[in-house]
Every structure is written in structure tokens, then in C-alpha cells.
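Summary of structural features
As a plain string of letters, each chain reads:
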Amino acid sequence: MSHSIHNVSRRQFLQGAAGLSLGLALPAFGARIEAGPGKAGMMVGEAAFEPNAFLRIGVDNSVTVISKHLEMGQGTYTGLATLVAEELDAAWSQVKVEGAPADAKRYNNLFWGPAQGTGGSTAMANSWEQMRKAGAAARAMLVNAAAKRWSVPAGEITVRDGLIQHAPSRRSAGFGEMAVAAGAEAVPASVTLKDPRDFRLIGRQAPRKDSAAKTNGTAQFTQDLHLPDMLVAVVAHPPRFGATVKSVDAKAARAVKGVVDVVTIPTGVAVLARTTWSARKGRDALKVDWDESAAFRLGSDEILARYRDLARTPGLVARKEGDVGAALAGARKVITADYDFPYLAHAAMEPMNCVVQRTAAGVEVWNGEQLHTGDQHALAALFGVAVDDVNIHMLYAGGSFGRRACKDSDYVREAASIVKAAGTQAPVKLVWFREDDMRAGYYRPLFHHRLEAAVDEGGRIVAWRHRLVGQSIIKGSPFESFLIKDGIDAVSVEGAATLPYAIPHLQVELHTPSDINVPVLWWRSVGSTHTAYSTETFLDRLAASAGQDPVALRLHLLEKHPRHAAVLRLAADKAGWGTPLAAGKPGERRGRGVAVHESFHSFVAQVAEVTVAADGSVKVDRIVAAVDCGVAINPDNVRAQVEGSVAFALSAALHGEITLQEGRVVQSNFHDYAPLRLNEMPRVEVHIVPSAANPTGIGEPGVPPVAPAVANAIAAATGTWLTRLPFNADALKA
């Protein structure tokens, strides 16, 4: 059977072939499974389709899993299919996956309330029981149908690899043979899930469901989409955030062969053409006069100077234990460090793009859709239609790292604004080039941290004060009501306010400037991208000042956090912590460093080995990672995610920096915002802690420990503590 994934629209989904279709309303873990009036629907045209369907079994013996989550390279389709197939006892080869339509009533993220979307490393965690129950219910109905047809007790029937069998009578049938009969069975009010000892797919190697299509070119991304009469739009954006169009001379643009129209929209000027190249040539021929009276004009250095001043003053208290002020004032020794973190672009391999069409029935949207509900509501408001009349077709996405889940629906709204301004009913594909993507904003925020710690005569850390200054990501997002409390953005301080180390006097404070108008957004592992670095490198600095082993110090401070301690011990053991490194070439300095961090309820420890050359250049030789993410549904995918996290994090640590000069973004493409090169990629070993706990996130937790582990290894090799990212080779010259 085919392993390919076919993404369908809601209408196509409703028009599926005859068979068993399960509509499972599973609003929360452990909830009752329901499907309309107690019957599953036979899929004959649009006849008895039941809502909230996660599974369809066809008379052709196919098993189709409906994924409510976006596949953007992180393995979601394979993971969700594994959960269903495990409890269904389907053969892996007969399972395929389809992307669900946008419909929060059926496909909401259970961790996000009434919203559908993918992010926060929640796809597997929120679906763990939901999708297994979908498979288990279908299996029970197939068994009941077979028992009635064969006039045998249901308890005597077994299912394995897509085959329903009754051993005593030597009868068997495939799922397809029983699909119609099973569709007439009552949906069980409750199901019994497998004991983990009986898992045959969960926790084992299985080929990814998207690999074949991505290899043979049949996988469809937004850029692959070509619809009848489709136009392509390319936009001239203002050079500064907050600027608007004052006037435009489009004469030269309209003269470009293939250009159809030029329209002014809230975010700039769009050129519509028959081809992408014509649209780009037309865009480049525009003469736009920008109104910059309200534009943001500060540079990165000026922003940091403001932040450093703020960090010397008390902020809003995010966590308070003991009396930090008194402990620092009376300390024998106080160590202070200031950290600077730049803006970072997501720089996914596929820049932002989207296809929008206005029809008599509503609005059709095609894209790698990550925040379904937010985008539906944004477009419904823009066009003045009902939310349910915005139909989103979820395609593959070529990466995201958070960018496609924009809290302002920026590029989706831009595509829709072009359609509205042009007054066309033709589908319009908005195409951003790398330069558009790099300079459009929605970055990981620039942050400044100031840490102070008191150490007593015995080398014990008795006080810790951590002040952070940076923009709020959550402000203005759908998550503001429950992630901002008393002025504290929980995402800004995550990893700092949740510091696991046992320190008697501890205080975390936050300043959130309101006058820095650079668009910011969550970026893979969000607040932990900067808090893990400052806390883990500062802890190593304290260990060095007290002459203590960094691993031993952490273990002592983690006595009440066994899962942190377990991954730390495992990583240290597998890396050979405490054993000497092989000597480098003449002039080279080598070191080993460690970091441990929890994010998205997963625990990751990493040990890095580095070589620092005489000219200060750094080569990361090896990363050893230990991961506790609960049950590893697809262990190979867990390893792949951690390996990818290492490459992603090292790109930022070694090269990543978006800078502003008088409000203009300097970087434009990969020549000045460089990703990690192949020859810079270290050897990566990933060790997974066996666990019976429910799965937690793995798409993001591998990122935070990378940079601090590498920085600590650099400090071990050179004695230099790096407090600014990306790393500065000049500071490391011998």
C-alpha cells in the first residue's frame, strides 16, 4: 500500500469512498467517545459523515488517519499514525495520513482549549490518548461486526497487522471486508487501551509516512500549488517597521510582461502577475515613496543600551524566595554577569507563502497551516464572512520554527488583503523571497540579562538574582489572557523563573519595554533560547569560582528534581565526563562542557566537546544528549529531532544575529545570516531515557542546552566566559 500523504479539503474529505468513518468527540483525556446518535457513519458521498473524525477505513482495506496537526518536518504525521495504528492493530503499510481541515470544533488542540493549531511541542502530548482511543474504538467495532457475521464470541477474535481472525473456525477478514458492517455498529462508550508491554509500533522503528512523497517529489508544499487562472503576488514592503505607503509610481511595473495589476495594501504595494518571475520584476520596478513619520528608527546597539540601563533597576518580580537583597548585601563574594542576546530570524527553508481565493461560498486558503483558528478568524473579519466559511487546506510546510504560527496572521492576512484590494476571484499566491522573509520582522526578541550570585565561604550558592529585559511575545496573542499575569509574560522568564536549582535566596525580575516596535514571535523553544544560556553558563562560572565540578554541583542542587538529575547523569556517563580529552593539534585548546534544561515538560542534558583554534575559531566536535520526553512514540524521530535541534541551535550560537541600523534590518539572505555548514556539524549521540510517563514535547527541547554546553566547553578550554551571542572569535584568540 502507498505510504504517501494526501492533503484534502473539507469537501474532498466529505466525499470519500464508502467505508467506516469514525467521528470521535474526544474533548479531553479520558472523555467519553461519541459519534452522533450512537452510530458511526458510512461514508457514501456526503451521507452519514460524522464530525470530529480522526480515522477512516475504506473498503479497499486502506486506513486513513486524519491529522489535526501540521507536518512541517517534525514527524507529526508519522507519530499520530503510530498512535492510531497501534490500538487498531493495523499493518503499518496500509496506513496513510491526511491533513485535517480547519475546524476547531473537531480538531482543537486539547492543550489550547477551543483553538486548532500546532506548536509548543504539543502535537504528540495532546493527542496521546485521543488518537489511541480512536484506533481502539475502531478495532472494537470491527471485531463486533466480525463476531456477528461469523456468529462467534467477540472475545475469541484477534486482530493483528490489519487481519481480523477467528482461530477456532479458521476464518479471517481484512479491515475492508468488515468496514461497511462495522459502520453500523454502535461506537463503544469506553475502550480499554493496550498495556505498554503489548505495544508493537509505539517505541519501535517505523518508516516515516512522509518520506516517500518528499523523496519522489509528489509531496505538495504551497510553492508547488498551481490552480487554474492563478495569479502570483510579490510585495514591496517598507524598509522600516511602522512605515506606510505615501505614494507609488507603478508605470514601469505595469509595463513588465505578465504583470496584471498593482495594488496598495496595508503592508506595502503588491504586484500581481501570471508568473513568479514577472511579479518579482514588477515589484522591483516600483517607485514607492514611504511615509516614515511613525516608523521605528532605533538600532540594535541603542536598544541594548536602554536595556542595560533598565537591568540596573528593579523589575516586576516573577519569582521570589528568601531575601535576595539582604543575602547579596551581606555576602562575602558576589559574582555578576551581563548577557546580550540578539534578534533571531526563523529562516525556515520555505519562506512564507499562501494561496487565497475569494469565492461565492466564502474564502479558500492553501498553505502550510500552523495556527488554523487564528488565521480563520483573521480572514473572516477581513472579508466579512462567517468563520466556518473560511476553508483552509493544510499542505506540507518546509519548516517553521514558530514562524507560520503568527499571532497577527501577518502573511496570511497580507495574501487576503491583496485579493480584496484587487477585487479578483482568481486564486492569488503570495510569494515571499528570502529577503522578504528575513526583513519582515517577527523575530526571537532581543534580550539583556543581568545575573548576580552570592557564594559563601564553603563555595555554596546562597543567593541568585536574575533580571531580564526584553519585548513580550505573548502580548497581543491569543494566549495573552493565561500567559501574562500581573504584567509578567511567562514566556519571557521561562527557564529563569522555573530554575530547578536549590538556592535559598532567589529572585527573578522582568522589564518589558513597551516602546520597542519590532515585531517579535515565538522561536523554536521560545524563552528557553536565552534563559538556558544565561543560567547554565552562569552556574558553571560559579562552579569554577568555587573550584567545584560542574556536574557534581548540579547534581547536588537537583536533589528534588530527579528527572533533571537522571538525564544529567546519563549524558555525563555516555560522554565520559571526568576523563581527559585527546590532545589537539599545536595551538589548539580543547574542552568539555555541560548543560541541562527542562522545556515543554521534557528534560534534556547535553555534553559538548570543542576545539578552539589559535585564531579563536570554534569547532564543536561532539554533542552527547540525554533525553527524557516520556514515552518515545517513534524513537528514531526523537533522535532526529535532537540532531536537528543541535544544528539549529549551533546556527544561532555561531552565526545568528539580526541587527538594526536606524530601524532598518541589515541582514537579507544566507550570505549574512548564515546557517550551520556541513563541515561545522558535530557528531551527535542521543540517548533516550526509558519512561512510562505520557509523552511530552521533543520538537523544541533539544535546542536550549546546546549553546550553553558549548560555551561551557569553550570556557573550560580557554578560561573565557562568553556573555554575548553569537560567539565572538576575537575574544577567544590565544
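On a predicted model such as this, the values are computed, not experimentally measured, just so you know.

Notes on the overall build of the protein chain
Secondary structure assignment for the protein chain yields 20 helices and 30 strands. Computed over its C-alpha atoms, the radius of gyration of the protein chain comes to 27 Å, within 12% of the 27 Å expected for a compact globule of 734 residues. Overall size of the protein chain, expressed as C-alpha extent along the three principal axes, is 85 × 75 × 50 Å. Pairs at least 24 apart in sequence give 76% of the contacts found in the protein chain among residues at least 6 apart. As displayed, the protein chain offers around 27,600 Å² of accessible surface, 52% of which is attributable to carbon and sulfur atoms. Charge-centre separation for the protein chain: the mean point of 77 positive side chains lies 2 Å from the mean point of 74 negative side chains.

Thoughts on the packing of aromatic side chains
The final tally for this structure, using the stated rule, is 17 aromatic pairs. Here Y339 and Y533 contribute two aromatic rings whose centre-to-centre distance is 6.1 Å and whose plane-to-plane angle is 85 degrees, an arrangement assigned as edge-to-face. Taken together, the positions of Y339 in strand β15 (residues 333-341) and Y533 in helix α16 (residues 528-546) put the pair 194 residues apart, joining distant regions of the chain. Here Y339 falls in the buried class, since its relative accessible area comes to 1%.

So, the environment of L510
Considering the arrangement of structural elements, one finds L510 in strand β24 (residues 505-511). In this structure the C-alpha to C-alpha distance between L510 and A318, which are 192 residues apart in sequence, comes to 6.8 Å. Those residues in contact with L510 that lie beyond four places of it in its chain are G315, L316, F447, L468, I488, D489, S492 and V493.

As for the side chain of H530
Secondary-structure assignment places H530 in helix α16. The class for H530 is buried, based on a relative accessible area of 2%. Among all residues touching H530, those that are not within four sequence positions of it are F341, R444, F447, H449, L468 and S492.

Concerning the pattern of salt bridges
Going through the model one piece at a time under the given rule, you end up with 41 salt bridges. With its nearest N and O atoms 2.9 Å apart, the salt bridge here joins E98 to R56. One end of the pair, E98, is in strand β5 (residues 95-99); the other, R56, is in strand β3 (residues 53-58), and 42 residues separate them in sequence. You'll find E98 and R56 in the same group, each marked buried. Residues R139 and D89 are paired through a salt bridge, measuring 2.9 Å at the closest nitrogen-oxygen approach. Here R139, found in helix α4 (residues 123-150), pairs with D89, found in the loop between α2 (76-88) and β5; they are 50 residues apart in sequence, far enough to count as distant. Connected through shared salt-bridge partners, E71, R208, D210 and K214 make up one network.

A word on the confidence of the model for the protein chain
Per-residue pLDDT for the protein chain has a mean of 92; in total, 93% of the residues score no lower than 70. Under a pLDDT of 50 for its full length, residues 1-19 has, in the predicted model, 68 contacts with residues more than four places off or in other chains. Predicted confidence is poor over residues 23-52, with pLDDT under 50, and the contacts of this stretch with residues over four places away or in other chains come to 98 contacts.

Let's talk about the nonpolar core
By size, the foremost hydrophobic cluster in this structure holds 118 residues, and its most contacted members are Y343, W464, V710 and F727. Element by element, the count of residues in this core is highest for helix α19 (residues 635-654), at nine residues. Look past the residues within four positions of F727 in its chain and what remains in contact with it is Y533, A653, L654, A707, V710, A711, I714 and L722. Counting residues in each nonpolar core, the second largest holds 57 residues, with Y107, Y396, A397 and V631 among its members.

Examining the packing of α16 against helix α17 (residues 550-557)
Relative to each other, α16 and α17 sit at 110 degrees, their axes nearing to 9 Å. Considering the angle they form, α16 stands roughly perpendicular to α17. Residues E536, L539, D540 and A543 of α16 pack against P550, L553, R554 and L557 of α17. Of the residues contributing to the contact of α16 with α17, the split by class is five nonpolar, no polar and three charged.

Overview of the sheet that holds strand β26 (residues 602-612)
Where strands meet in a sheet, backbone hydrogen bonds hold them as pairs that are either parallel or antiparallel. The mixed open sheet is built from four strands, whose spatial order is β25-β26-β27-β30. Bordering the open sheet on either side are β25 (589-599) and β30 (683-688), each of which pairs with just one other strand. Strand-to-strand twist in this sheet, taken as the mean axis angle between neighbours without regard to direction, amounts to 15 degrees. Where β25 and β26 come together, 11 bridges link them in antiparallel fashion. Each residue of the ladder has a partner; that of S599, found in β26, is S602. Together, β26, β27 (618-628) and β30 form the strand contacts of α19, whose direction differs from that of β30 by roughly 135 degrees.

Quick look at the sheet that holds strand β14 (residues 316-321)
In space, the five strands of this open sheet follow the order β14-β24-β21-β20-β15, with mixed pairing throughout. Whereas interior strands pair on both sides, the edge strands pair on one side only; in this sheet they are β14 and β15. Strand-to-strand twist of the sheet, defined as the mean angle between neighbouring strand axes without regard to direction, takes the value 10 degrees. Here nine bridges tie β15 to strand β20 (residues 447-455), and the two strands are oriented antiparallel to one another. Bridging across to β20, I335 finds its partner in A453. In the packing of helix α9 (residues 300-311) onto the sheet, the strands contacted are β15, β20, β21 (461-470) and β24, and the crossing angle to β20 comes to about 30 degrees.

With respect to helix α8 (residues 276-284)
Every buried residue belonging to α8 is among S278, A279, G282 and R283, and all of these are buried. Down the axis of α8, the smallest arc covering the buried residues is 135 degrees, so these residues share one side. Of the surrounding secondary structure, the elements contacted by the buried residues of α8 are β9 (231-236), α7 (251-254), β11 (259-265), β12 (268-273) and α13 (434-439).

Regarding the packing of α2 against α4
At a minimum axis separation of 6 Å, α2 and α4 run at an interaxial angle of 35 degrees. Between α2 and α4 lies a crossing whose hand is right-handed. Facing α2, whose interface residues are T76, G79, L80, L83, V84, E87 and L88, α4 presents A123, M124, S127, W128, M131, R132, G135, A136, A138, R139 and L142. For the contact of α2 with α4, a count of residues per class yields 11 nonpolar, four polar and three charged.

Here's the deal with the side chain of N637
Positionally, N637 belongs in helix α19. At 3.1 Å, the side chain of N637 and the side chain of R208 are in polar contact.

Examining unusual backbone geometry
For the peptide bond that leads from L725 to P726, omega is 0 degrees, which places it in the cis range. For P726, the location among the structural elements is in the segment after α20 (706-718). Despite not being glycine, A347 has its phi angle at roughly 50 degrees, a positive value. Residue A347 is classed as buried on the basis of its relative accessible area, which comes to 16%.

Thoughts on the state of the cysteines
The full count for this structure, using the stated rule, is zero disulfides. A disulfide-free cysteine, C354 has its sulfur positioned 12 Å from the sulfur of C406, the nearest such atom. Among the residues examined, C354 registers a relative accessible area of 0% and is labelled buried. With relative accessibility at 2%, the residue C406 sits in the buried group.

Comments concerning the environment of K574
You can see K574 is positioned in helix α18 (residues 562-575). Classification of K574 as partly exposed rests on a relative accessible area of 40%. For K574 and D408, which are 166 residues apart along the polypeptide, the C-alpha to C-alpha distance reads 44 Å. K574 has contacts with R622, V624, E685 and H687, leaving out every residue within four places of it along the chain.

Thresholds, definitions, all that
Residues numbered from 1 in each chain as written. Predicted model: local features only at pLDDT ≥ 70, side-chain atom pairs only at ≥ 80, totals over all residues. Heavy atoms only, no water. Helix = DSSP H or I, 4+ residues; strand = E, 2+ residues; numbered from the N terminus. Rg over C-alpha atoms; globule rule 2.2 N^0.38 Å. Contact = heavy atoms within 4.5 Å. Areas by Shrake-Rupley, 256 points an atom, 1.4 Å probe, with all protein chains shown as cover. Lys, Arg positive; Asp, Glu negative; His and termini not counted. Charge placed at Lys NZ, Arg CZ, Asp CG, Glu CD. Phe/Tyr/Trp six-rings, centres within 6.5 Å; stacked < 30°, edge-to-face > 60°. Buried < 20%, exposed > 50% of the residue type's maximum accessible area, 1.4 Å probe, protein only. Salt bridge = Lys/Arg side-chain N within 4 Å of Asp/Glu carboxyl O. pLDDT = per-residue confidence, 0-100. Core = buried A, V, L, I, M, F, W, Y, C linked by side-chain atoms within 4.5 Å. Axes fitted to C-alpha atoms, helices over the stretch in contact; angles between N-to-C directions. Parallel < 35°, antiparallel > 145°, perpendicular 65-115°, else oblique. Nonpolar A, V, L, I, M, F, W, Y, C, P; charged D, E, K, R; others polar. Pairing = 2+ DSSP bridges. Arc of directions from axis to C-beta. Left-handed = near helix turned anticlockwise from the far one by under 90°. Polar contact = N/O pair within 3.5 Å; in protein donor to acceptor, adjacent residues only side chain to side chain. Disulfide = S-S within 2.5 Å.

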